[in-house]
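Read off the chains here:
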Amino acid sequence: MNYLKFWGTRGSCAVSGDVYAHFGGNTCCLELNYGGHRILFDAGTGIRPLGTSLVKEGVRKIDLFLGHTHWDHLIGFPFFEALHQTGTQIIIWSPAGAGRSCKELFDDLMAIEFFPVRLDDMEAQVEFRTIHQKTPVQIGPVTIDFHTTHHPGVTYCFKIKTPHQTIGYVTDNEMLKGYYGPLSEIPPSLFEPHEGLIDFLNGCDLLVHEAQYFPEEYLEKAGWGHSSVRNAIALIQRAKIPHWLVTHHDPKHIDAELRDLARMAKKIIQENQIPCKAEWIGDGFTIELK
């Protein structure tokens, strides 16, 4: 079966407790299994249980894509069990960053002061490769393309093309920075910085995109690199997205609050007659692909 499975759907930092039981508390990690190719996106704490699953299956070739190297997207990497398997090849794809290579950053992440085993001591064969905006990578029948988002530092999102579907994966993106009003009153000029991303995502059958804040929360958090639910819907509307999966949930939002966000989104979508199905998803959510 070809599928997407979300092993971590939380942003910023991991959380635990009964009030998070439904949506879960692991930070970002997405698995794509397509035609036998195992392609991972993000190495948040969700990559730990994913690694255990891959080792049990005997998977020996893994491609891991990172849109950026903030803590919530790589903190699980030292605990990725596949690193400790002789004969396993792990290719890490990431942007060039701002002056330092991804290999240098990972060496620091796993410095002896922070972790007892250095990257060079891992039993798996680990290779680093650089990704570039609008320079697609082909892995088997899957094509992966990249575009910058509006988030602090060099940050890419992904467009995943299979022979039958196109999927956007955008965990960190601030739409319409500083805008707090309704969709019907958005000045056209506010979309100008986003036109490239909108064009990039147009035509996606499925979009995974954050909606981290309630509108009232966004009053205090504009500029942090994340979208209010209303501003995220503006992207959904402009890019003509038919199916939206919402991830990268704020660690302060308990299950009840995420359900409130989902209800708010569906009301806004209905009021503005936007033909899109919106779903708030949690750890373990799996969707079958064609």
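Structure report, in brief. Small disclaimer: the values here were computed from a predicted structure and weren't measured. (Residues numbered from 1 in each chain as written. Predicted model: local features only at pLDDT ≥ 70, side-chain atom pairs only at ≥ 80, totals over all residues. Heavy atoms only, no water.)

1. A look at the overall build of the chain
- Secondary structure assignment for the chain yields seven helices and 14 strands.
- Over its C-alpha trace the chain gives a radius of gyration of 18 Å, about what one expects of a compact globule, namely 19 Å for 290 residues.
- Principal-axis analysis of the C-alpha atoms places the extent of the chain at approximately 55 × 40 × 40 Å.
- For the chain, buried positions account for 54% of its 290 residues.
- For the chain, contacts bridging at least 24 residues in sequence account for 69% of all contacts bridging at least 6.
- If you sum the accessible surface of the chain, you get close to 12300 Å²; carbon and sulfur atoms cover 50% of it. (Helix = DSSP H or I, 4+ residues; strand = E, 2+ residues; numbered from the N terminus. Rg over C-alpha atoms; globule rule 2.2 N^0.38 Å. Buried < 20%, exposed > 50% of the residue type's maximum accessible area, 1.4 Å probe, protein only. Contact = heavy atoms within 4.5 Å. Areas by Shrake-Rupley, 256 points an atom, 1.4 Å probe, with all protein chains shown as cover.)

2. Examining the pattern of salt bridges
- Counted under the stated rule, the structure contains nine salt bridges.
- When the shortest N-O distance is used, the salt bridge between Glu 57 and Arg 38 registers 2.9 Å. Note that Glu 57 is positioned in helix 1 (residues 47-57) and Arg 38 in strand 3 (residues 37-41), a separation of 19 residues in sequence.
- A relative accessible area of 7% means that Arg 38 is categorised as buried.
- When the shortest N-O distance is used, the salt bridge between Asp 107 and Lys 103 registers 3.0 Å. Taken together, the positions of Asp 107 and Lys 103, both in helix 3 (residues 102-109) and four residues apart, correspond to about one turn of that helix.
- Residue classification places Asp 107 among the buried positions, given a relative accessible area of 18%.
- Here the salt bridges share partners, and the residues they tie into one network are Glu 31, Arg 38 and Glu 57. (Salt bridge = Lys/Arg side-chain N within 4 Å of Asp/Glu carboxyl O.)

3. Considering helix 6 (residues 229-239)
- Of all 11 residues in helix 6, eight are buried; the element is thus mostly enclosed.
- For helix 6, the full list of buried residues reads Val 229, Asn 231, Ala 232, Ile 233, Ala 234, Leu 235, Ile 236 and Ala 239.
- On its buried face, helix 6 sits against helix 4 (195-201), strand 11 (206-209), helix 5 (215-221), strand 12 (243-246), helix 7 (255-271) and strand 13 (277-280).
- Immediately beyond the C-terminal end of helix 6, within one or two residues, lies Lys 240, with a positive phi of roughly 60 degrees.

4. Brief notes about the sheet that holds strand 2 (residues 29-34)
- Spatially, 6-5-4-3-2-1-14 is the arrangement adopted by the seven strands of the open sheet, whose pairing is mixed. In this open sheet, the two strands that pair with only one neighbour each are strand 6 (125-130) and strand 14 (286-288). The mean inter-strand angle of the sheet, taken between neighbouring strand axes irrespective of direction, is 20 degrees.
- Strand direction decides the pairing type here: strand 5 (residues 89-94) and strand 6, joined by six bridges, are parallel. When the bridges of strand 6 are listed, Ser 94 appears paired with Thr 130.
- Packing of helix 1 onto the sheet brings it into contact with strand 1 (3-8), strand 2, strand 3 and strand 4 (61-65), and relative to strand 3 it is tilted by some 170 degrees. (Pairing = 2+ DSSP bridges. Axes fitted to C-alpha atoms, helices over the stretch in contact; angles between N-to-C directions.)

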